[in-house]
Amino acid sequence: MKRIRKFIKYAVLFFFASTVLSVVLLRFVPVYVTPLMVIRSVRHICRGESPVYHHTWVPLEQISPDLPQAVVASEDNLFLRHHGFDFDQIKKAMEENKTRKRARGASTISQQTAKNVFLWPGHSFVRKGLEAYFTVLIELIWGKERIMEIYLNSIEMGENIYGAEAVARHHFGTTARKLTPSQCALVAATLPNPIRYNSAHPSAYMQKRQQQILSLMRKIAPVRFD
């Protein structure tokens with residue numbers, strides 16, 4: 001029992017030390033690969049295909065300011081005000097999910113970033129617990145500007161497409177810096193399911209959602225980090 005307790009003690013210490021160190025490191029180092037990119041690549045290999053993913057890291061200042069505005073308007077309009085969790089939305093989603101066939105999520109941009117960078121897809125209690133842990137860490141160590149920068153560079157925005165620069169190039173033939181408000185709203189409209197919704201070939205539903213997001217973008221306060 002003594003050896004087991006000692007092992008558990010060192011395992012816990014290693015976990016906290018390694019995770020905190022990882023978060024500190026990524027405060028300064030670009031995120032070039034995420035677990036989802038690896039998972040998708042492994043699936044390609046298992047099907048006998050060559051692994052493909054499009055991703056180019058760019059600093060936040062090289063991304064159109066309309067894109068943070070669009071994702072905040074559509075995904076998390078309290079992003080600049082909360083500390084990682086929107087408890088009102090969590091409570092609302094829990095109530096709605098009692099009668100919904102398909103559960104509605106209430107993850108903030110911070111939670112989505114924590115999941116994208118450090119964890120795997122899924123809905124288990126273990127993964128959600130780790131997501132909450134990493135969300136607290138990145139809020140404390142990264143701050144809002146860095147969270148947004150990593151979010152816009154790492155999130156899936158289409159099939160084999162990750163981040164603002166990749167979606168700008170492959171779907172709009174431009175760069176992340178030159179994305180228009182309409183294009184940004186269209187990208188934001190895909191985020192609930194970027195494999196199903198294609199910003200390069202928007203459906204009638206996506207065009208309607210795009211207009212809703214454009215309207216919200218004008219109504220909310222400008223997303224600024226200074």
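Just so it is clear, the model here is predicted, and its values are computed rather than measured.

Reading the values: rules and limits
- Residues numbered from 1 in each chain as written.
- Predicted model: local features only at pLDDT ≥ 70, side-chain atom pairs only at ≥ 80, totals over all residues.
- Heavy atoms only, no water.
- Helix = DSSP H or I, 4+ residues; strand = E, 2+ residues; numbered from the N terminus.
- Rg over C-alpha atoms; globule rule 2.2 N^0.38 Å.
- Contact = heavy atoms within 4.5 Å.
- Areas by Shrake-Rupley, 256 points an atom, 1.4 Å probe, with all protein chains shown as cover.
- Lys, Arg positive; Asp, Glu negative; His and termini not counted.
- Charge placed at Lys NZ, Arg CZ, Asp CG, Glu CD.
- Salt bridge = Lys/Arg side-chain N within 4 Å of Asp/Glu carboxyl O.
- Axes fitted to C-alpha atoms, helices over the stretch in contact; angles between N-to-C directions.
- Parallel < 35°, antiparallel > 145°, perpendicular 65-115°, else oblique.
- Left-handed = near helix turned anticlockwise from the far one by under 90°.
- Nonpolar A, V, L, I, M, F, W, Y, C, P; charged D, E, K, R; others polar.
- Expected span 1.5 Å × (residues − 1).
- Buried < 20%, exposed > 50% of the residue type's maximum accessible area, 1.4 Å probe, protein only.
- Arc of directions from axis to C-beta.
- Core = buried A, V, L, I, M, F, W, Y, C linked by side-chain atoms within 4.5 Å.
- Pairing = 2+ DSSP bridges.

We now examine the overall build of the chain. Tallying secondary structure elements over the chain gives 10 helices and three strands in all. Of the regular secondary structure in the chain, the N- to C-terminal order runs α-α-β-α-α-α-α-α-β-β-α-α-α. Relative to the globule expectation of 17 Å for 226 residues, the C-alpha radius of gyration of the chain, 18 Å, shows essentially globular dimensions. Along the longest, intermediate and shortest principal axes, the C-alpha atoms of the chain span 65 × 45 × 40 Å. In the chain, 70% of the contacts between residues at least 6 apart in sequence involve partners at least 24 apart. Carbon and sulfur atoms make up 58% of the accessible area of the chain, which amounts to about 13200 Å² in all. In the chain, the 31 positive side-chain charges and the 17 negative ones have mean positions that sit 7 Å from each other.

What follows deals with the pattern of salt bridges. Counted under the stated rule, the structure contains seven salt bridges. Among the salt bridges present, the one from E156 reaches R40, with a minimum N-O distance of 3.1 Å. Taken together, the residues E156 in strand β2 (residues 156-158) and R40 in helix α2 (residues 35-46) connect sequence positions 116 residues apart. Between K128 and E131 there is a salt bridge whose closest N-O contact spans 3.2 Å. Here K128 and its partner E131 are both found in helix α6 (residues 125-141), three residues apart, which amounts to about one turn of the helix.

With that settled, the discussion passes to the packing of helix α3 (residues 66-75) against helix α9 (residues 181-190). Two elements in contact, α3 and α9, have axes separated by 8 Å at closest approach and are oriented at 40 degrees. It follows that α3 is oblique to α9 by the angle criterion. Judged by the twist between their axes, the crossing of α3 over α9 is right-handed. Only P181, C184, A185, V187 and A188 of α9 make contact with α3, whose side of the interface consists of D66, L67, A70, V71, S74 and E75. For the contact of α3 with α9, the class distribution of residues is eight nonpolar, one polar and two charged.

Attention now moves to helix α10 (residues 204-219). A turn of α-helix holds 3.6 residues, and therefore any two residues three or four places apart point the same way. Compared with an ideal rise of 1.5 Å per residue, which puts 16 residues at 22 Å, α10 spans 23 Å between its outermost C-alpha atoms and is within 8% of the ideal. Buried within α10 we find M206, Q210, I213, L214 and M217. When α10 is viewed along its axis, its buried side chains cluster within an angular range of 105 degrees and face the same direction. For α10, exposure combined with an orientation more than 90 degrees from the buried face picks out A204, K208, R218 and K219. Buried residues along α10 sit in contact with α3 and α9.

A few words on helix α1 (residues 2-26). Its 25 residues place the ends of α1 36 Å apart at the C-alpha level, agreeing with the 36 Å of an ideal helix rising 1.5 Å per residue. Residues of α1 that are buried include every one of T19, V23 and L26, and no others. The elements touched by buried residues of α1 are α5 (109-118), α6 and α7 (143-154).

In this structure, L67, V71, F118, W142, M148, L152 and M157 are the most contacted members of the largest nonpolar core, which totals 48 residues. Broken down by secondary-structure element, the contributors of at least two residues to this core are α1, α3, α5, α6, α7, α8 (164-172), α9 and α10. Once residues within four sequence positions are removed from consideration, M148 is found in contact with L60, P68, V71, V72, F79, I109 and F225.

Bringing unusual backbone geometry into the picture now. Even without a glycine there, the phi angle at N160 is positive, about 65 degrees. Along the chain, N160 turns up in the loop between β2 and β3 (161-162). By relative accessible area, N160 is classed as buried at 16%.

Bringing the sheet that holds β2 into the picture now. With respect to topology, three strands assemble into an open sheet ordered β1-β3-β2, the strand pairing being mixed. In the strand order of this sheet, the two ends are held by β1 (54-55) and β2, each with one partner. Here β1 pairs with β3 via two bridges, running parallel. Bridge pairing in β3 links H54 to I161.

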